[in-house]
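Coordinate analysis (summary)
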Amino acid sequence: MDTLSVWRGTAQSTGFAMLDGEVAADVLIVGGGITGVTLAVLLAEQGREVVLLEAGEIGGGTTGHSTGNLYETVGNGMQEITSRWGAEVALHVVQERRTAIDFVQSRCQKLPDVGFRRCDLVQWAQATGDQGYIDKEIQALEAAGARVERSTSVPAPLPVALGDVLVLRNQAQFQPQAYVAAMARMAAEHGAKLHEHSRVLELDTKKGRAVTASGAVQAKEVVMATHTPKGIHLVHTEMPVHREYAIALEMDPGAAGPGAGIFWWHGSEGLSMRTTQAGDRHFLVVAGQEHKVGIHNAKAGLLALENAAHKHFGDRPVAYRWSAQNYRGADALPYIGRNASGCFVATGFSTDGLTWGTVAARLIAAELLGHKAAFADHVRPNRLSPVKGAKNIIEENVTVVKQLVKDYLTGRQDEKLSELKPGDSAIVDVEGETLAAYRAPGGELFAVSSVCPHMGCKVHWNSVETSWDCPCHGSRFRPDGTVIEGPALSPLKRKDTPPLAGGAT
Ligand SMILES: Cc1cc2nc3c(=O)[nH]c(=O)nc-3n(C[C@H](O)[C@H](O)[C@H](O)COP(=O)(O)OP(=O)(O)OC[C@H]3O[C@@H](n4cnc5c(N)ncnc54)[C@H](O)[C@@H]3O)c2cc1C
Ligand code: FES
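In this report, we go over the structure that sits alongside the text. (Residues numbered from 1 in each chain as written. Chains lettered and ligands numbered in written order. Predicted model: local features only at pLDDT ≥ 70, side-chain atom pairs only at ≥ 80, totals over all residues. Heavy atoms only, no water.)

1. A short note on the packing of aromatic side chains
- What the rule picks out here adds up to six aromatic pairs.
- Both rings, one in Y71 and one in W264, keep their centres 4.8 Å apart while their planes meet at 80 degrees; by these two values the pair is edge-to-face. One end of the pair, Y71, is in the loop between β3 (69-70) and α3 (78-85); the other, W264, is in strand β12 (residues 262-266), and 193 residues separate them in sequence.
- Among the aromatic residues, ring-to-ring pairing joins Y438, W461 and W468 into one connected group.
- Sitting over the ring of W356, R97 keeps its end group 4.9 Å from the ring centre. (Phe/Tyr/Trp six-rings, centres within 6.5 Å; stacked < 30°, edge-to-face > 60°. Helix = DSSP H or I, 4+ residues; strand = E, 2+ residues; numbered from the N terminus. Lys NZ or Arg CZ within 6 Å of the ring centre and 35° of its normal.)

Here's what the structure looks like:
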């Protein structure tokens, strides 16, 4: 299935050249999403020599597949932060996130139009049983110093409110792809060297050296702005990874819509909704159906989202469909700062990373420029009691993987490669080895090792995005084994065994 976000489908591409040869830098930033690009701007403005390497295109990771909302609260609720960390930390979180939104607004005033607008965040309950959450959330936000109010209705055609509605004033939204592309151009104007299609294949964080297929960078400092750090890091064991789906429904320009706003319908369907416009086309963006990576039927998730959207908003055409993943901090806060590997990481943003990514860039820039901010201590990557927590999570992951392997072997073990129809995938045993196989619509057969090169879990097929996804820490691979995202640096091993060359087992 083809997936493309409304943001990437309607924004101009950036066109930075691939890295060519050996270069040196003060700071190497790996990753051209909102975190990496914002950091590149901040450092380049202060005269630092910055090289940014992006595996694909600027914004092509999660940033260009988000919903483009900026808010001072967090998606899982301020009440969780208050209950885990106390009222003072909740106050700091709201303050930091508010400052980050103000920063984005001030940047947008210097950029071409990227659709930035101030708006309310509106949250209401899907069922009467969900109303208690809304009431608690209003209290938690008030205590954390947020500008929250109660209302009794939401704008049409959104699903009606059953009880009090939470309204958070003066939040914001923008076109995330347009913003990150414009910020990348701004970084380049200040002297940063940005390279697209320059995937880091080897990274020595202690020596500050990164190698791509066409060059290498030697840097004094390395920042992994890769959404989750590459290689093996303790934070991987602490972060559950989820995928979420989004669609953009084409709206009749004359039809009444909810207007500007971040609309969160809290409950089992858990929809996030907003409008956007590209030229004279109007869209309603609907996101939801979150599930753990690699243990769900992706097509069913997307279909459920489309059905929910059609049920509430009528039979409007779906112009764009996409999906992306998020990494959730084990204790509701992200991990930002220098970790044991010696380089900087910025991860665990959950679905709030446009603002957390901006916070992260500002914190890391401050530290690299010699004045560490107080908030940095709340989000330092090594703050958890490592071994005990990690053990529990590894055990949980192992359980998941065992379950998956069982499903594969009982369900599809005897499926023959030769019987795979175009568009079909299967996990099959070939000469004692378990392979992940896929036959492309054109007939070409891909067979790769089913063992994730990151830490050895088994991959699972994602039917929406035609990829092999790892349930443990979120690495994803194309049918030919190349890395799409996640902590794995190396591909799934391609298996060109003699039986496969012949197309049959
Ligand atoms: C469906 C969905 C909706 C969301 N909506 C919102 C929202 O409305 N508001 C909000 O605040 N947050 C939202 N989020 C979360 C937010 O989008 C992310 O947290 C944020 O974009 C992360 O930004 P980033 O720069 O850290 O990572 P990314 O944008 O993922 O950028 C990382 C980059 O690193 C690159 N990279 C990876 N490996 C390598 C390598 N080896 N070499 C070179 N480059 C590499 C990738 O290609 C990628 O471009 C949403 C998330 C999802 C899944
Ligand atoms: S992503 Fe860690 S084992 Fe696959």
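2. Quick look at the site of ligand 1
- Around ligand 1, 35 residues are found, and the nearest of them are T35, E54, T63, N69 and L354.
- G68 places a main-chain nitrogen or oxygen 3.3 Å from an oxygen atom of ligand 1.
- Starting from 1,000 Å² of accessible surface for ligand 1 in isolation, the protein chains cover 97%.
- Listing elements by their share of the shell around ligand 1, those giving two or more residues are α2 (34-45), β15 (318-327) and α9 (353-368).
- The leading source of residues in the shell around ligand 1 is α9, at three residues. (Near = heavy atom within 4 Å. Polar contact = N/O pair within 3.5 Å; in protein donor to acceptor, adjacent residues only side chain to side chain. Areas by Shrake-Rupley, 256 points an atom, 1.4 Å probe, with all protein chains shown as cover.)

3. A few points about the sheet that holds strand β19 (residues 433-439)
- Overall, antiparallel pairing links the three strands, which are arranged β18-β19-β20 in an open sheet. Looking at which strands have only one partner, the edges of the open sheet turn out to be β18 (425-430) and β20 (445-449). Each adjacent strand pair in this sheet contributes to an overall mean axis angle of 30 degrees, direction not counted.
- Bridge analysis of β19 against β20 gives five bridges, and the strand direction is antiparallel. Bridge pairing in β20 places A436 opposite V448. (Pairing = 2+ DSSP bridges. Axes fitted to C-alpha atoms, helices over the stretch in contact; angles between N-to-C directions.)

4. So, the sheet that holds strand β22 (residues 467-469)
- Within the open sheet, the four strands sit side by side as β21-β22-β23-β24. Their pairing is antiparallel. Edge positions in the sheet fall to β21 (460-462) and β24 (483-485), since each has one partner strand and no second.
- Where strand β23 (residues 476-477) lies against β24, two bridges are found, and the strand directions are antiparallel. Opposite R476, over in β24, you have E485 as the bridge partner.

5. Focus on empty space enclosed by the protein
- The tally for this structure, following the rule as stated, stands at two cavities of 30 Å³ or more.
- By volume, the largest cavity is sized at about 40 Å³.
- Taken together, R243, Y245, H291, V293, G294, I295, H296, A298, H460, W461, N462 and D469 make up the lining of the largest cavity.
- Mapped onto the lining of the largest cavity, the elements with two or more residues apiece are β11 (241-251) and β21.
- With three residues, β21 is the largest single contributor of residues to the lining of the largest cavity.
- Among the residues making up the lining of the largest cavity, the classes are represented as five nonpolar, five polar and two charged.
- By volume, the second largest cavity is sized at about 30 Å³.
- Around the second largest cavity, the lining residues are I336, G337, L363, I364, E367 and A376.
- Secondary-structure elements contributing two or more residues to the lining of the second largest cavity are β16 (335-338) and α9.
- Tallying contributions element by element places α9 first for the lining of the second largest cavity, with three residues. (1 Å grid on protein atoms, 1.4 Å probe; cavity = no way out; pocket = protein on both sides within 12 Å on 5 of 7 lines; lining within 4 Å. Points joined across faces, edges and corners; volume = space filled by probe spheres on them. Nonpolar A, V, L, I, M, F, W, Y, C, P; charged D, E, K, R; others polar.)

6. Observations concerning the packing of α3 against helix α5 (residues 131-143)
- Packing of α3 against α5 brings their axes to within 8 Å, and their N-to-C directions diverge by 65 degrees. Crossing geometry of α3 relative to α5 is assigned as left-handed. Contacts between α3 and α5 pair M78, Q79 and T82 from the former with Y133, K136, E137, A140 and L141 from the latter.
- Here the contact of α3 with α5 is built from residues that sort into four nonpolar, two polar and two charged. (Left-handed = near helix turned anticlockwise from the far one by under 90°. Contact = heavy atoms within 4.5 Å.)

7. Section: the nonpolar core
- Residues I29, M78, I81 and Y179 are the most contacted members of the largest nonpolar core, which totals 77 residues.
- The residues contacting I81, other than those within four sequence positions of it, are V74, G86, V89, A90, V93, A332 and L333.
- Among the nonpolar cores identified, the runner-up in size contains 24 residues, and L158, F263, L271 and L284 belong to it. (Core = buried A, V, L, I, M, F, W, Y, C linked by side-chain atoms within 4.5 Å. Buried < 20%, exposed > 50% of the residue type's maximum accessible area, 1.4 Å probe, protein only.)

8. A look at unusual backbone geometry
- For the bond running from A156 to P157, omega is 5 degrees, close enough to zero to count as cis.
- Structurally, P157 can be placed in the loop between β5 (148-151) and β6 (165-173).
- At N170, a residue that is not glycine, the phi angle is positive and equals roughly 60 degrees.
- Here N170 is to be found in strand β6.
- The phi torsion at H197 lies on the positive side, around 50 degrees, for a residue other than glycine.
- By the secondary structure assignment, H197 is in the loop between β7 (193-195) and β8 (202-204).

9. Thoughts on the state of the cysteines
- Across all of its chains, the model carries one disulfide by this definition.
- Through a disulfide, C457 is tied to C472; the S-S separation comes to 2.1 Å. Between C457 and C472, the S-S dihedral sits near -90 degrees, and the bridge is therefore left-handed. Here C457 is found in the loop between β20 and β21, whereas its partner C472 is found in the loop between β22 and β23, with 15 residues between them in sequence. Neither residue differs from the other here; C457 and C472 are each classed as buried.
- With no disulfide of its own, C108 has C119 as its nearest cysteine by sulfur position, at a separation of 13 Å. (Disulfide = S-S within 2.5 Å.)

10. Details of the environment of H92
- For H92, the location among the structural elements is in helix α4 (residues 87-108).
- Separated by 53 residues in the primary sequence, H92 and G145 place their C-alpha atoms 9.3 Å from one another.
- In contact with H92, not counting residues within four places along its chain, are F375 and H378.

Remember, this is a structural readout, not a statement about activity or role.
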